[in-house]
Amino acid sequence: MAAEGGGKEMNEIKTQFTTREGVYKLLTHSEYSRPNRVPFNSQGSNPVKVSFVNVNDQSGNGDRICFNVGRELYFYIYKGVRKAADLSKPIDKRIYKGTQPTCHDFNPLTATAESVSLLVGFSAGQVQLIDPIKKETSKLFNEERLIDKSRVTCVRWVPGSESLFLVAHSSGSLYLYNVEHTCGTTAPHYQLLKQGDSYAVHTCKSKSARNPLLRWTVGEGALNEFAFSPDGKFLACASQDGFLRVFGFDAAELHGTMKSYFGGLLCVCWSPDGRYIVAGGEDDLVTVWSFSDCRVIARGHGHKSWVSVVAFDHCTTSVEDSDPPAEFSGSDEEFHEQIHFGAGRDRANSSQSRLSKRNSTDGRPVSVTYRFGSVGQDTQMCLWDLTEDILFPHLPLSRTRTHTNVMSATSPPPATGVTVATTTTTTTTTNSTISNPSGTNGNNSVSSSSNSGNPANSLPAPLPRSNSLPHSSNPAGGSTPNSHTGSSGSSTKGGSIIDSAFIATGVSKFATLSLHDTRKERHEKDHKRNHSMGHISSKSSDKLNQLSSARTAKADAAKTLGTLLCPRMEDVPLLEPLVCKKIAHERLTVLIFLEDCLVTACQEGFICTWARPGKVGLLSSQNPANSPSGTVV
């Protein structure tokens, strides 16, 4: 576990923390908030959210930040680790009456030093398009609340599009808009386009083009957050009914599902290469889900209350060479084929290409580490490392890794396209293939060449617990690729309405880092609910939706627990956080990883910048007299 920093007592606010790459330090001079720096009374307000955009300013100071606090919306030049924040000069400030901003998103394609396109969602259901540089309000969508009257929970520009955006509501509906179209003066009429397990997609019936273009109804209760895959082709939705649903966006087809251990899912994010999805929510866990296998591969337990935000750190995700394995039976060509995971996927990015190149040149296994973080209503921030001993448990391990607490020696089935050979002296082989149709209809099955007697839609029985990682043997032949299709009653393709030009984005920067060992045993922590406050809404419909979803969640829990949708705790590895620090007095609502720093925010309205190792010296010339009076150190 990382060394304590900023205080000796567990309940003291931390101002620094240590990881294997060095010390992260809180830059008090780079704190953003309301100009008066007074802590905001958060009772009854919507969560503080932060959005960033780079306007490619030639002066080298092109980052812009937008954040909402209560009824107010601020837009500043973000100086990060370079200079102290000047809160006396916001580029734009707006105060709303009768409604509150709930979320916002910049369009990076249209951003310039003279103009930016910012979408803002509101608690009463409207969506506003503004330009905070020109101080203009372009359009107001759902102005009369004829499309949806519930709170906007998430708004995102469609990747690669300058005009399309997606809006989620606490009603559980998701709407596709075009900024060029109006919303009409009457309530829209819909026609069923596609229907599947717990979701339906409707198109708007109209003689002339109008918004919304599409309406998705997903699951039961609120749709709390959604996230596009890095290539923009898939959409992951986290719902209050506890389900993660992943759709092919163009075709509106269900790719796969996952169920929380209990309670609703509140947040979701993709790994930079699109291979894994992490979700968090009311079970106080972070859950790692494999996109190719459509199954849970790990859980992380470190929070004492609901997890508000999860995010991957693209700058610390690493691909590195490991020491040669002790032994290997087979030719070099077979070894390269076995270690080159994911070669069959057409969405390989630069890191995967580099991984393949290294394997083909020096014949050594590759160490893969995904870094992600989470913040919660317990005021704590956790950092996690997802390593190859969890991602590929059948690979020969070249050295001991103890930062991951594997609670069970159960080896999950291999990933699609992964073929590995064991280095242990084992003569038996097991050829397993998972067929995981999308949806929750109980048709998931596990077929194996060794008749283990496990029933359909159930996990293998756990093996005896061990302090070492599992070593299972697999055949040289690869597993059959999975087929994931939504149970759709229609073959109509929803992508005919959507722009097909999506920008495929991958990992822009990978740093080579060594693996870090942490303690092997975890201290049992009391399960506190002091900060377990849901997103407080002023609308009675939101409360009814939450009550309804709670009843549904209890009924579904008994049906899904112990299946591939929701494995038991002992059936999947349990991750232990590298860092778990209390960094605020109020619940945390923001975690964003940038190149030089990471940014957090709490419900009091303070947006904090944490300098990465080696970056803190950029602010050494600050004037101490400008230290913010409202900062907790």
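Quick note: structure is the one above.
Calculation criteria
Residues numbered from 1 in each chain as written. Predicted model: local features only at pLDDT ≥ 70, side-chain atom pairs only at ≥ 80, totals over all residues. Heavy atoms only, no water. Helix = DSSP H or I, 4+ residues; strand = E, 2+ residues; numbered from the N terminus. Buried < 20%, exposed > 50% of the residue type's maximum accessible area, 1.4 Å probe, protein only. Contact = heavy atoms within 4.5 Å. Areas by Shrake-Rupley, 256 points an atom, 1.4 Å probe, with all protein chains shown as cover. Phe/Tyr/Trp six-rings, centres within 6.5 Å; stacked < 30°, edge-to-face > 60°. Lys NZ or Arg CZ within 6 Å of the ring centre and 35° of its normal. Pairing = 2+ DSSP bridges. Core = buried A, V, L, I, M, F, W, Y, C linked by side-chain atoms within 4.5 Å. Axes fitted to C-alpha atoms, helices over the stretch in contact; angles between N-to-C directions.

> How would you summarise the overall build of the protein if you had to cite specific residues and measurements?
Each helix and strand counted, the protein has 4 helices and 36 strands in total. For the protein, with 633 residues in total, the buried portion stands at 58%. When contacts within the protein are restricted to residue pairs at least 6 apart in sequence, long-range pairs at least 24 apart make up 65% of them. Accessible area for the protein stands at about 25600 Å²; split by element, carbon and sulfur atoms hold 48% of it.

> Report on the packing of aromatic side chains, specifying residues and quantitative values.
The tally for this structure, following the rule as stated, stands at 26 aromatic pairs. Seen from their ring centres, Phe17 and Trp610 are 5.6 Å apart, and the 45 degrees between their planes marks the pair as tilted. In this pair, Phe17 sits in strand E1 (residues 16-19) while Trp610 sits in strand E36 (residues 607-611), placing the two residues 593 residues apart along the sequence. Taken together, Tyr32, Phe52, Phe67, Tyr74, Tyr76 and Tyr78 form an aromatic cluster joined through their ring pairs. Above the ring of Tyr190, the side-chain terminus of Arg215 is found at 4.2 Å from the ring centroid. Over the aromatic face of Phe243 sits the side chain of Lys259, whose NZ or CZ is 5.9 Å from the ring centroid.

> Explain the pairing of strand E7 (residues 101-106) to me, and be specific about the residues and the numbers.
Taking burial as the measure, the 6 residues of E7 include 6 buried ones, the bulk of the element. The sheet contact formed by E7 and strand E8 (residues 118-122) spans 5 bridges and is antiparallel. By the bridge assignment for E8, Pro101 is matched with Phe122.

> Explain the nonpolar core to me, and be specific about the residues and the numbers.
Formed by 23 residues in total, the largest nonpolar core has its most connected members in Leu166, Leu174, Leu176, Trp216, Phe226, Leu235 and Phe249. Those elements that place two or more of their residues in this core are strand E12 (164-169), strand E13 (173-178), strand E15 (199-205), strand E16 (214-218), strand E17 (223-228) and strand E18 (234-239). Tyr276, Val288, Ile390 and Leu391 belong to the second largest nonpolar core, which has 22 residues in total.

> Residues and numbers for unusual backbone geometry, please.
The omega torsion across Asn211 and Pro212 is -5 degrees, close enough to zero to call that bond cis. Looking at the element boundaries, Pro212 is found in the loop between E15 and E16. Positioned with a positive phi, Arg145 is a non-glycine residue whose angle comes to about 60 degrees. Unlike most non-glycine residues, Asp284 shows phi in positive territory, near 65 degrees. Structurally, the position occupied by Asp284 is in the loop between strand E22 (276-281) and strand E23 (285-290). Here Asp284 falls in the buried class, since its relative accessible area comes to 1%.

> Explain the sheet that holds strand E4 (residues 63-69) to me, using residue names and the numbers behind them.
Hydrogen bonds between backbone atoms are what pair the strands of a sheet, whose relative direction is either parallel or antiparallel. Read across the open sheet, the 4 strands follow the order E3-E4-E5-E6; overall the sheet is antiparallel. Both edges of this open sheet fall to strand E3 (50-54) and strand E6 (92-95), since each of them pairs with a single strand only. Across this sheet, the average inter-strand angle for adjacent strands is 15 degrees, counted without regard to direction. As judged from the 4 bridges shared by strand E5 (residues 72-77) and E6, these two strands associate in the antiparallel manner. Counted as the bridge partner of Glu72 is Ile95 from E6.

All quantities given are derived from atomic positions and should not be read as evidence of function.
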